[in-house]
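Residue strings, one per chain:
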Amino acid sequence: MSAARLTFQNELKAHLPILRRVALGLTRNAAAADDLTQDCAERALRKHRLYQADKSGMRPWLITMLINLHRNQIRAAQSRPQSAGGDPEILQTAAPDVLHARLDLADTARAIEHLPEDQREALLTVVLSGMSYKEAAECLALPIGTLMSRLGRARAALRKTLKEEAR
């Protein structure tokens, strides 16, 4: 095994926890998040020759791959019956960007679950991956203004939902 391949594998291993966190946010199910993370790691290993370290860091490249795999799974699952509900493990890794300190984490997770898919992806990509807006926009293949607009709408919807639940 070449030194470059070994370096690639070690860097990939270092990014697995963040991939799992983002996958859990996207899927809202621990088993599905594990599968998505594994699929992403396998694809990264198969496509390692396409990775351009000088163009972008590995984290944005992997998050982009993870999101694309998730979107493919959603499209494939549309023809199959879907199971109801999420996974309580999402509550353990929910976004640290809570709107009010007094809000219950479970309410926040439920509110995030009800966001439109594009807003949820934008919010989770920024919050769970810790990427800058620029990196997240590149991962989601969006102009930065569109990403910021989706984040603004997602945060406004969360505020509204959580304010209504607090009454």
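In what follows, the structure referred to is the one given above.
Residues numbered from 1 in each chain as written. Predicted model: local features only at pLDDT ≥ 70, side-chain atom pairs only at ≥ 80, totals over all residues. Heavy atoms only, no water.

Student: Account for the overall build of the chain, with residues named and values stated.
Tutor: Looking only at helices and strands, one finds seven helices and zero strands in the chain. Out of the 167 residues in the chain, the part that is buried amounts to 41%. Of the roughly 9,400 Å² of accessible surface on the chain, 52% is carried by carbon and sulfur atoms. (Helix = DSSP H or I, 4+ residues; strand = E, 2+ residues; numbered from the N terminus. Buried < 20%, exposed > 50% of the residue type's maximum accessible area, 1.4 Å probe, protein only. Areas by Shrake-Rupley, 256 points an atom, 1.4 Å probe, with all protein chains shown as cover.)

Student: An account of the packing of aromatic side chains is needed here, citing residue identities and associated values.
Tutor: Applying the stated criterion across every chain, the model contains three aromatic pairs. Consider the rings of F8 and W61, whose centres lie 6.0 Å apart with planes at 75 degrees: the pair is edge-to-face. Of this pair, F8 sits in helix α1 (residues 3–27) while W61 is found in helix α3 (residues 58–77), placing the two residues 53 residues apart along the sequence. The class for W61 is buried, based on a relative accessible area of 18%. On the numbers, 5.1 Å between centres and 50 degrees between planes, the contact of Y51 with W61 is tilted. One end of the pair, Y51, is in the loop between α2 (30–46) and α3; the other, W61, is in helix α3, with 10 residues separating them in the sequence. Summarising the burial analysis for this pair, Y51 and W61 share the class buried. Aromatic ring contacts, followed pair by pair, group F8, Y51 and W61 into a single cluster. (Phe/Tyr/Trp six-rings, centres within 6.5 Å; stacked < 30°, edge-to-face > 60°.)

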